[in-house]
Amino acid sequence: MTTITITGKKPGKTDVTISSTVNPAVKTDVPVTVLSRNLLSYGPAEGNGLTVTVAQDGSLDFSSGTESVPLHKGVRWEFDVPEGIVGVPLIISYTGDVPGNLVIGIYANANSLGGVYQGKNNTVVTIPKGTTRVELRILRGGVTAGSVSGNLKIQLELGNTAHEWMKPDVTSLEGGGL
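Residues numbered from 1 in each chain as written. Predicted model: local features only at pLDDT ≥ 70, side-chain atom pairs only at ≥ 80, totals over all residues. Heavy atoms only, no water.

K.L.:
Got a sec to walk through the overall build of the chain? Specific residues and values, please.
P.N.:
When its secondary structure is counted, the chain shows zero helices and 13 strands. Helices and strands appear in the chain in the N-to-C order β-β-β-β-β-β-β-β-β-β-β-β-β. Every one of the 178 residues in the chain was classed for burial, and the buried ones make up 37%. Intrachain contacts of the chain at a sequence separation of at least 6 include 74% that bridge at least 24 residues. Carbon and sulfur atoms form 51% of the exposed surface of the chain, whose accessible area is close to 10,000 Å². The positive charge centre, built from 14 side chains, and the negative charge centre, built from 15, are 4 Å apart in the chain. (Helix = DSSP H or I, 4+ residues; strand = E, 2+ residues; numbered from the N terminus. Buried < 20%, exposed > 50% of the residue type's maximum accessible area, 1.4 Å probe, protein only. Contact = heavy atoms within 4.5 Å. Areas by Shrake-Rupley, 256 points an atom, 1.4 Å probe, with all protein chains shown as cover. Lys, Arg positive; Asp, Glu negative; His and termini not counted. Charge placed at Lys NZ, Arg CZ, Asp CG, Glu CD.)

As structure tokens, this is what we get:
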């Protein structure tokens with residue numbers, strides 16, 4: 001059986017035309033949905049003094065007003081493991097800057113698989129076999145951190161090389177405090 005891989009430049013619906021090289025009159029259009037390479041699911045969340053909203057471009061805006069987020073506290077989102085990613089290398093990365101020392105982590109069965117933070121980016125993780133749900137957690141990690149504000153573009157994707165950030169397919173999943 002022949003495998004065809006189609007990589008789209010941006011998520012959405014399109015058609016692919018397949019035609020014969022022997023008889024160009026023989027062709028068909030196949031509908032295709034291009035999914036984001038960003039496997040995360042997230043949305044608005046609030047907890048432990050941290051408020052997260054989804055920006056127009058799908059990135060995350062963070063704020064805690066004037067209050068300090070407690071150490072090792074923050075917000076989380078739990079979602080089903082996307083098909084085909086258990087047991088294979090994934091890389092979690094981010095761009096942006098949020099003063100307040102946030103730690104972004106991926107968890108399976110309440111165990112940390114790895115994370116990224118200011119000074120440490122592009123961490124390779126593997127979701128263990130048998131895992132059906134994972135969590136994205138964003139916590140305050142710095143002991144001296146005060147209030148938190150800013151924007152982050154967080155990505156979890158296949159492989160061990162981080163690419164340019166792409167909005168995830170799901171940005172409406174409500175999160176909560178941790």
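K.L.:
Explain the environment of Val81 to me, using residue names and the numbers behind them.
P.N.:
Position of Val81 relative to the elements: it lies in the loop between β6 (74-80) and β7 (89-97). Residue classification places Val81 among the buried residues on the basis of a relative accessible area of 15%. Remark: the alpha-carbon pair of Val81 and Lys27, spanning 54 residues in sequence, is separated by 36 Å. With near-sequence residues (within four places) excluded, Val81 lies in contact with Val86, Ile127, Thr131, Thr132, Arg133 and Val134.

K.L.:
Go over the sheet that holds β7 with me, naming the residues and quoting the values.
P.N.:
To summarise the sheet geometry, strands pair through backbone hydrogen bonds and adopt either a parallel or an antiparallel arrangement. Strand order in the open sheet made by the six strands is β3-β4-β5-β12-β7-β10, with antiparallel pairing throughout. At either margin of the open sheet sits one strand with a lone partner, and together these are β3 (45-47) and β10 (123-126). Neighbour-to-neighbour, the strand axes of this sheet turn through a mean angle of 25 degrees, independent of strand direction. Bridge count between strand β4 (residues 50-54) and strand β5 (residues 60-63): four bridges; the pairing is antiparallel. By the bridge assignment for β5, Val52 is matched with Phe62. (Pairing = 2+ DSSP bridges. Axes fitted to C-alpha atoms, helices over the stretch in contact; angles between N-to-C directions.)

K.L.:
An account of the packing of aromatic side chains is requested, with residue identities and associated values reported.
P.N.:
Here the structure, examined in full by the defined rule, presents one aromatic pair. With a centroid separation of 6.2 Å and an interplanar angle of 55 degrees, the aromatic rings of Tyr42 and Trp77 are classed as tilted. Of this pair, Tyr42 sits in the loop between β2 (27-34) and β3 while Trp77 sits in strand β6, and the two are 35 residues apart along the sequence. Across the pair, Trp77 and Tyr42 agree in class, each one buried. One cation-aromatic arrangement involves Arg137 over Tyr107; the distance from NZ or CZ to the ring centre is 3.8 Å. (Phe/Tyr/Trp six-rings, centres within 6.5 Å; stacked < 30°, edge-to-face > 60°. Lys NZ or Arg CZ within 6 Å of the ring centre and 35° of its normal.)

K.L.:
Before we move on, could you go through unusual backbone geometry and cite the residues and values that matter?
P.N.:
One non-glycine residue, Asn109, adopts positive backbone phi at about 55 degrees. Following the sequence through the fold, Asn109 ends up in the loop between β8 (102-108) and β9 (111-117). Exposure remark for Asn109: the relative accessible area of 57% places this residue in the exposed category. The phi angle at Ala110 is positive, at roughly 65 degrees, despite the residue not being glycine.

K.L.:
Just give me the short version of the pairing of β5, but keep the residues and values in it.
P.N.:
Only one face of β5 is covered, namely the one carrying Leu60 and Phe62; the face carrying Asp61 and Ser63 has none of its residues buried. Examined bridge by bridge, β5 and strand β12 (residues 149-158) share four bridges and lie antiparallel to one another. Each bridged residue has a counterpart across the sheet, and for Phe62 the counterpart in β12 is Gly150.

K.L.:
Could you give an account of the side chain of Glu135, with specific residues and numbers?
P.N.:
By the secondary structure assignment, Glu135 is in strand β11 (residues 133-140). Classification of Glu135 by relative accessible area gives buried; the value is 9%. Not counting residues up to four positions away in its chain, the partners in contact with Glu135 are Arg76, Trp77, Glu78, Gly105, Ile106 and Tyr107.

K.L.:
Describe the side chain of Ser93, with residues and values.
P.N.:
Tracing the chain through its elements places Ser93 in strand β7. Of the residues examined, Ser93 reaches a relative accessible area of 6% and is grouped as buried. Setting aside its immediate chain neighbours within four residues, Ser93 contacts Asn121, Asn122, Lys153, Ile154, Gln155 and Ala162.

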